Amino acid sequence: MTGYSTAAAAITMTVLAASSSGSTSAFVAPSVLHLTRGGGIKTTSSSLFLAMNKRNKFNKQQELAAKMEEAKRLRELAENGGAAASTGNNDVTGNDATSSKEQLSDKEIKLRNDRQRFADMLENSMTSTSGDLGDGYYLTVEQENENADAVFRGITRLYEGDPAPSSPFAELLNMENGEPLGQGGMKRLVPWEGSRSASSSDFMIVVTDPRPKSAELRTAIKRLAGGLSNDLLEKCVVINTDTPSENRRFVKKNFAEDSGAEKMTVLTDEKMDWMREYTALGEKRFSITMFILKEGRCEKIAREVEAELITETVKNAIRAMLR
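About the criteria used
Residues numbered from 1 in each chain as written. Predicted model: local features only at pLDDT ≥ 70, side-chain atom pairs only at ≥ 80, totals over all residues. Heavy atoms only, no water. Helix = DSSP H or I, 4+ residues; strand = E, 2+ residues; numbered from the N terminus. Polar contact = N/O pair within 3.5 Å; in protein donor to acceptor, adjacent residues only side chain to side chain. Contact = heavy atoms within 4.5 Å. Buried < 20%, exposed > 50% of the residue type's maximum accessible area, 1.4 Å probe, protein only. Arc of directions from axis to C-beta. Salt bridge = Lys/Arg side-chain N within 4 Å of Asp/Glu carboxyl O. Core = buried A, V, L, I, M, F, W, Y, C linked by side-chain atoms within 4.5 Å. Phe/Tyr/Trp six-rings, centres within 6.5 Å; stacked < 30°, edge-to-face > 60°. Pairing = 2+ DSSP bridges. Axes fitted to C-alpha atoms, helices over the stretch in contact; angles between N-to-C directions. Parallel < 35°, antiparallel > 145°, perpendicular 65-115°, else oblique. Left-handed = near helix turned anticlockwise from the far one by under 90°. Nonpolar A, V, L, I, M, F, W, Y, C, P; charged D, E, K, R; others polar.

> Any chance you could explain the side chain of Thr-268 here in plain terms?
Mapped onto the elements, Thr-268 comes out in strand E6 (residues 265–268). Within the structure, the side chain of Thr-268 is placed 2.7 Å from the backbone oxygen of Asp-242, a separation counted as a polar contact. For Thr-268, the side chain forms a polar contact with the side chain of Asn-247, separated by 3.2 Å. Ignoring sequence-local partners within four residues, the contact set of Thr-268 consists of Leu-172, Leu-173, Asn-240, Thr-241, Asp-242, Thr-243, Pro-244 and Asn-247.

Okay, structure coming up:
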């Protein structure tokens, strides 16, 4: 028994060392070798795979925590610098004091929101194993990491839970007549602004891409038309920079009258004002962005969405919102 235990331990330690050194492929579950009582060797993978998965989650949480701590340190340095500059002026009026308190309150609110986003990301890292859309997630691992980096770097853009402004919808151009929606059209489109076709608590799906004649967006529209139910298509708004006449030609050429695509609303953001207001232009490059908007809030946001995955992204985001 002593020889058997020693041999088993030696083989197990060898495999663990190989996996920790990075020689094991990230796409293949590593194996553990066990000696059988008859002296043979059998291979299992589940135990070590689960252990490595837990280790990866822990490492991800440590990385997020380190980024949060660094962001906090930089913010405190900036705030202390501002405080040091203000101590040189001893003549502070009551209005100045009130303004200072209001500014501090705004910073506290921002810090609270940052902490909440950080807590949400930690929770996601605990409950998510792969970010696979097939498992019901609406963000991939890459999208989660990009969002985390944006939070900690203080990127100014809309995040989930932020207000969803209604007024930018009024300037979008109708595909049918090329005219702006105006206030009346905006109120008919946006549920929480008094839409007659939906209750105020209903949600809307917005898919947008700033690239002209975007092949990816056109593929995404086809995927949505073929993959969403009619009731979801009626909630779907596509916003691009193509002219209304170009959008009409695309829809007429690619969709039959009963295809379901006619249930979607296609609008033109000629000057990209809506995209700019909704921070859908991207920090590095143009891409597809998906929003789920409800009761004046951005409930779910997915950036840099691949056209082939748009249907799963939308469905999973809606499920996550309704849970």
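Text resumes after the structure shown.
> Hey, could you run me through helix H5 (residues 182–189) in this one?
The periodicity of an α-helix, 3.6 residues per turn, causes residues three or four positions apart to be oriented the same way. Those residues of H5 lying buried are Gly-185, Met-186 and Leu-189. Buried residues of H5, viewed axially, fall in a sector of 100°; they line one side. Among the structural elements, strand E4 (203–209), strand E5 (236–240) and E6 are those in contact with the buried residues of H5.

> When you look at the pattern of salt bridges in this model, what are you seeing that I'm missing?
Pairing between side chains of opposite charge can happen when the charged atoms of each approach one another. Here the structure, examined in full by the defined rule, presents 12 salt bridges. Across the salt bridge formed by Arg-218 and Glu-246, the nearest N and O atoms sit 3.0 Å from each other. Here Arg-218, found in helix H6 (residues 215–227), pairs with Glu-246, found in helix H8 (residues 244–254); they are 28 residues apart in sequence, far enough to count as distant. A relative accessible area of 14% means that Glu-246 is categorised as buried. In this structure, Asp-273 engages Arg-276 in a salt bridge whose closest nitrogen and oxygen atoms are separated by 3.2 Å. Highlighted residues: Asp-273 and Arg-276, both in helix H9 (residues 273–277), separated by 3 residues, approximately one helical turn.

> What is the right way to look at the environment of Leu-293 in this model?
Residue placement: Leu-293 occurs in strand E7 (residues 288–294). For the pair Leu-293 and Ile-205, spaced 88 residues apart in sequence, the C-alpha separation works out to 6.5 Å. Excluding its chain neighbours within four sequence positions, the residues that come into contact with Leu-293 are Ala-164, Phe-169, Trp-192, Asp-202, Phe-203, Met-204, Val-206, Tyr-278 and Cys-298.

> Is there a simple way to think about the nonpolar core in this case?
Nonpolar side chains tend toward joint burial in soluble globular proteins. Core analysis: the largest hydrophobic core is formed by 33 residues, its most contacted members being Ile-205, Met-264 and Met-290. With 6 residues, the top contributor of residues to this core is helix H10 (residues 310–322). If near-sequence neighbours (up to four positions away) are discounted, Met-264 is found in contact with Ile-221, Leu-224, Ala-225, Leu-233, Cys-236 and Val-238. In terms of nonpolar packing, the next biggest core, distinct from the first, is built from 24 residues, Leu-158, Trp-192, Val-206 and Leu-267 among them.

> Whenever I open this one, unusual backbone geometry confuses me. Can you help?
Across the chain, the bulk of peptide bonds are trans and the bulk of non-glycine residues have phi less than zero. Here the phi dihedral of Lys-213 falls at roughly 45°; this positive angle occurs in a residue that is not glycine. For Lys-213, the position within the fold is in the loop between E4 and H6. When its relative accessible area of 54% is taken as the criterion, Lys-213 is described as exposed. Positioned with a positive phi, Thr-279 is a non-glycine residue whose angle comes to about 50°. Within the element layout of this structure, Thr-279 appears in the loop between H9 and E7.

> Would you mind showing me how to read the packing of aromatic side chains here?
Centre distance and the angle of the planes are the two values used to describe a pair of aromatic rings. Per the counting criterion, the structure on display carries 6 aromatic pairs. Ring geometry for Phe-250 and Phe-255: centres 5.8 Å apart, planes at 85°, overall edge-to-face. Using a relative accessible area of 9% as the deciding quantity, one classes Phe-250 as buried. Both rings, one in Trp-274 and one in Tyr-278, keep their centres 4.2 Å apart while their planes meet at 10°; by these two values the pair is stacked. On the accessibility criterion, Trp-274 (0% relative accessible area) is buried. For Tyr-278, a relative accessible area of 0% gives the class buried.

> Explain the sheet that holds E6 here, please?
Backbone hydrogen bonds are what pair the strands of a sheet, in a parallel or an antiparallel way. Taken in spatial order, the 6 strands of this open sheet run E3-E6-E5-E4-E7-E8, and their pairing is mixed. On the outer flanks of this sheet lie strand E3 (173–174) and strand E8 (297–305), each paired with one strand and no other. Where E3 meets E6, 2 bridges bridge the pair, whose relative direction is antiparallel. Looking across to E6, one finds that Asn-174 is bridged to Leu-267. Most of the contacts of H6 go to E5, to which it runs at about 170°, and overall it touches E4, E5, E7 and E8.

> How should the packing of H6 against H8 be read in this particular structure?
Working note: a packed helix pair is described by the angle between its axes plus the distance between those axes. Relative orientation of the contacting elements H6 and H8 amounts to 45°, with a least axis distance of 12 Å. Judged by the angle between their axes, H6 and H8 are oblique. For the crossing formed where H6 meets H8, the hand is right-handed. Along the contact surface, H6 presents Arg-218, Ile-221 and Lys-222, while H8 presents Glu-246, Phe-250 and Asn-254. The class makeup of the residues in the contact of H6 with H8 is 2 nonpolar, 1 polar and 3 charged.

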